[in-house]
Amino acid sequence: MAAALPVTKLAGLLVKTLAKPLAKRIKHDFSRFPVTQTLLIRVGQTTHALTSRLTIWSAGYKVRSITPLEQEKVRVCEKLLQLYLVTIIDGALVLFLLYFCLRKKGDVKRS
């Protein structure tokens with residue numbers, strides 16, 4: 001198991017290296033078309049409203065209303081989607097490698 005750790009780290013770094021350009025490409029493609037741009041705007045608006053509500057609630061106040069963001073805030077949503085994509089790919093790789101290593105050792109039980 002100790003020998004698998006450096007290989008796992010290297011594989012994770014490889015996936016991060018490959019996933020970042022892919023995420024940037026998806027972000028660029030999404031921001032070019034009107035349909036996907038509205039999707040980005042909606043995701044950004046929802047994320048903004050949710051984080052604002054949680055911040056206000058954690059301070060102990062009631063939420064009256066949250067004003068929507070301007071269209072320039074699409075960039076924030078694009079970066080967020082890019083980070084989500086990289087995180088999901090990294091997480092899937094780590095789970096796959098963990099399962100593969102455990103299966104190789106014989107620790108995984110079949111149900």
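Structure first, text after, so check above.
Because the structure is predicted, anything quoted here is derived from the model rather than measured.

Quick notes on the rules
- Residues numbered from 1 in each chain as written.
- Predicted model: local features only at pLDDT ≥ 70, side-chain atom pairs only at ≥ 80, totals over all residues.
- Heavy atoms only, no water.
- Helix = DSSP H or I, 4+ residues; strand = E, 2+ residues; numbered from the N terminus.
- Buried < 20%, exposed > 50% of the residue type's maximum accessible area, 1.4 Å probe, protein only.
- Contact = heavy atoms within 4.5 Å.
- Expected span 1.5 Å × (residues − 1).
- Salt bridge = Lys/Arg side-chain N within 4 Å of Asp/Glu carboxyl O.

**Q** Which residues make up the overall build of the protein chain, and what values do they have?
**A** Helix and strand content of the protein chain: 3 helices and 0 strands. The linear arrangement of helices and strands in the protein chain, starting from the amino end, is α-α-α. Residue burial in the protein chain is summarised as follows: out of 111 residues, 18% are buried. A fraction of 63% describes how many contacts in the protein chain between residues 6 or more apart in sequence connect residues 24 or more apart.

**Q** Talk me through helix α2 (residues 34–58); I want residue IDs and the actual numbers.
**A** An α-helix turns once per 3.6 residues; consequently, residues spaced three or four apart project the same way. Spanning 25 residues, α2 covers 36 Å between terminal C-alpha atoms, matching the ideal 36 Å at 1.5 Å per step. Taken together, the buried positions of α2 are Thr-36, Leu-40, Ile-41, Gly-44 and Ser-52. Looking one or two residues beyond α2, the residue adopting positive phi is Gly-60, at roughly 95 degrees.

**Q** Tell me about the pattern of salt bridges, and name the residues and values.
**A** Tallied over the entire structure, the rule returns 2 salt bridges. With a closest N to O distance of 3.4 Å, Asp-29 and Arg-25 form a salt bridge. Remark: Arg-25 and Asp-29 occur in helix α1 (residues 4–32); sequence separation between them is 4 residues, near one turn of the helix. We note a salt bridge from Arg-32 to Asp-29, for which the minimum N-O separation is 3.6 Å. Here Asp-29 and Arg-32 lie together in helix α1, a separation of 3 residues that amounts to about one turn. Overall, Arg-32 belongs to the partly exposed group, its relative accessible area being 48%. Salt bridges sharing common partners tie together Arg-25, Asp-29 and Arg-32.

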